[in-house]
Amino acid sequence: MVLLDPKNLSRPYSDSRSQEIMRKAVEFFEAKGKSALKRDDREQVWYADFLEYAKKEGLFATTLTPAGYGATDSRWDTWRNCEFAEILAFYGLAYWYTWQVSVLGLGPIWMSENEEVKKRAADFLEQGGIFAFGLSERAHGADVYSTDMELIPQEGGGYLARGEKYYIGNGNEAALVSTFGKIRDTDDYVFFAVDSQNEHYECKRNVVNSQSYVSNFALNDYPVSEKDILSRGREAWNAALNTVNVGKFNLGWASIGICTHALYEAVHHAANRQLYGQSVTDFPHVRQLFSDAYVRLVAMKLVALRAADYMRSASAEDRRYLLYNPVVKMKVTTQGEDVVNHLWDVIAAKGFERDMYFEMAARDIRALPKLEGTVHVNIALIVKFMPNYFFNPQDCPEIGRRDDAADDTFLFSQGPARGLGEIRFPDYEATYGEFSQPNVSIFREQIAVFKQMLEKSPPGQSQSNDVDFLLAVGELFTLVVYGQLLLENARIYGIEDDLIDQIFDVFVRDFSRFALQLHGKPSSTDIQMEHCLKMIAKPAVDADRYGRVWEQQVLPLRDRYAMNP
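Right, let's walk through the structure included here. (Residues numbered from 1 in each chain as written. Predicted model: local features only at pLDDT ≥ 70, side-chain atom pairs only at ≥ 80, totals over all residues. Heavy atoms only, no water.)

In a pair of packed helices, the angle between the axes and the distance between the axes together describe the arrangement. Two elements in contact, helix α5 (residues 93-110) and helix α7 (residues 233-247), have axes whose closest approach is 9 Å; the angle formed by their N-to-C orientations is 145°. Of the two possible hands of crossing, α5 and α7 adopt the one that is right-handed. Between α5 and α7, the contacting residues are Q100, V103, L104, G107 and P108 on the first element and T243, V244, V246 and G247 on the second. Residue composition of the contact of α5 with α7, grouped by class: 5 nonpolar, 4 polar and no charged. (Axes fitted to C-alpha atoms, helices over the stretch in contact; angles between N-to-C directions. Helix = DSSP H or I, 4+ residues; strand = E, 2+ residues; numbered from the N terminus. Left-handed = near helix turned anticlockwise from the far one by under 90°. Contact = heavy atoms within 4.5 Å. Nonpolar A, V, L, I, M, F, W, Y, C, P; charged D, E, K, R; others polar.)

Rendered as structure tokens:
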């Protein structure tokens, strides 16, 4: 089964320590139980028990320390980090969040040439430390151009740091906070490391209503020496953006974890509930909602796994991951919202109950597309790749499944964060052409019309400056890339024809919906509107295929998993 089942961990690993990490994480939460988990969520209890357990078992130290800086089993292994992130979110977004912002906080450190701070970070990880990423500010958000954090040079050497940061996770207890700013009277960006327990560090408040601590902190003439500097100038700028590439990828995995737990709970409730003399899952609309939720979730996981393969195989010569990464950040997270919406339409008022995991899922799934800023940030990035993707293909190395026990060193030496429009891709038709399922064929026809539209009536100058218009174009393009990644992994994982066809049943409907939205944009031209109408299609109906997916894959989830009480 593609989906995570914590009580039957079946994902293969090349070493026993990786398997142990997943098992240990599950054991903590199952021993804690759902009642205590929900109580801590309601009462906004800082998760000290989890952090103490993670320290004892070395969970963060093993997963977040690159090879050579920690224990022999430590490495930055994106393959195992994906499942670890998924497991944490499966039990609660707050547990994922403290690990996730540690990933971000460590990014500028592992990307730096400051070996002293790297060794300190490794030591802190061994001691159970957590980390923070001091990038965003209240007035500017994540607009790194406009930072007000300053390093003020001092006559005797060194600097004083002065300024505030906002939305900084773990800012209350971080062993080190990687802080972004500028050196006064220069245009030089800088990353430097600070200690959240220093007397010149003021943790002002938690800005969210949550177990997680998302801080507003101030540096009040905080003394910074050259030993605390991580990077300057262009290197600091690159570190900010490249850290986001590494860290925000985990947003998709949090969505996958949340949706998986919610799906188990919702199907169990509905399948064991009688209405009007029949099981709730006997109603046709309920079957459709659960089937759509299931195939969307399977697609989310297959796409995110495939994108991770490209991240692990990336190099200065192969930067395709820079497209696939924001696809995961934007598309997988918004698909997560769709999955929870489908489930909620079935279980209705049950989804509000205080003892249900679902009540947490319905709240937290909304956060993930927004933790990157907003969806339009990623779509604006994604559309930069569209001309080369469609009209300038080239031969590229074949990337296989990357589940080997490797240290992903390139992620901390990605180089300049520019040149996105120069990245090339193989012909996407080579992947789509390997599959002949009816709905894949219909989807290919929709893509062909979209490409024709871009050839005959590409976005004009005013449309290129119209974010609302580009969002609609970007949704269509993203779905093309999403489908390509899905099919690549369907081949690798041996996904059966019925499931592939059912997934593309959903994709055909989604593509039609986005085409209709583009048709309705105020600035769409006659030629564009004509093509949009041609993109609207009905999926191929196959009652037998639909029935097999329901009976063999969806309905059996009813008693697959329930968390310990």
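After that view of the structure, there is still more to cover.
Another aspect to go through is a nonpolar patch on the surface. A contiguous nonpolar surface patch, about 280 Å² in accessible area, is contributed by L516, L533 and I536. Mapped onto the secondary structure, L516 falls in helix α18 (residues 497-519). (Patch = residues over 30% accessible without salt bridge, like charges linked within 9 Å, V, L, I, M, F, W, Y side chains within 5 Å. Areas by Shrake-Rupley, 256 points an atom, 1.4 Å probe, with all protein chains shown as cover. Salt bridge = Lys/Arg side-chain N within 4 Å of Asp/Glu carboxyl O.)

Here the focus is the pattern of salt bridges. Under the defined criterion, the tally for this structure stands at 48 salt bridges. E57 is paired through a salt bridge with K24; the nearest N and O atoms lie 3.8 Å apart. Here E57, found in helix α2 (residues 48-57), pairs with K24, found in helix α1 (residues 16-42); they are 33 residues apart in sequence, far enough to count as distant. In this structure, E434 engages R491 in a salt bridge whose closest nitrogen and oxygen atoms are separated by 2.7 Å. With E434 in the loop between α14 (428-432) and α15 (438-456) and R491 in helix α17 (residues 467-493), this pair connects stretches of sequence that are 57 residues apart. For E434, a relative accessible area of 48% puts it in the partly exposed group. Connected through salt bridges with shared partners, the residues D15, R75, D77, R312, R402, D404 and D408 form a single ionic network. (Buried < 20%, exposed > 50% of the residue type's maximum accessible area, 1.4 Å probe, protein only.)

Core analysis: the biggest nonpolar cluster contains 182 residues, and F60 and F450 have the highest contact counts within it. If you tally residues by element for this core, the top one is helix α9 (residues 284-312), at 18 residues. With sequence-adjacent residues up to four places away left out, F60 is seen in contact with F50, L51, A54, T65, F84, T98, W99, L125, G129 and I130. L151, A174, V194 and I229 belong to the second-largest nonpolar core, a separate cluster that totals 18 residues. (Core = buried A, V, L, I, M, F, W, Y, C linked by side-chain atoms within 4.5 Å.)

Turning our eyes to something else, we now look at the side chain of S136. Counting through the fold element by element, S136 comes out in the loop between β1 (131-134) and β2 (150-153). A residue is classified by how much of its surface remains accessible, and S136, at 12% relative accessible area, is buried. Among the polar contacts listed, one links the side chain of S136 to the backbone oxygen of Y166, at a separation of 2.5 Å. (Polar contact = N/O pair within 3.5 Å; in protein donor to acceptor, adjacent residues only side chain to side chain.)

Two elements in contact, α18 and helix α19 (residues 526-535), have axes separated by 8 Å at closest approach and are oriented at 160°. In terms of orientation, α18 and α19 fall into the roughly antiparallel class. In this structure, the crossing between α18 and α19 has a hand that is left-handed. Residues F511, S512, A515, L518 and H519 of α18 touch α19, and the partners they reach there are M529, C532, L533 and M535. Class assignment for the residues of the contact of α18 with α19 results in 7 nonpolar, 2 polar and no charged. (Parallel < 35°, antiparallel > 145°, perpendicular 65-115°, else oblique.)

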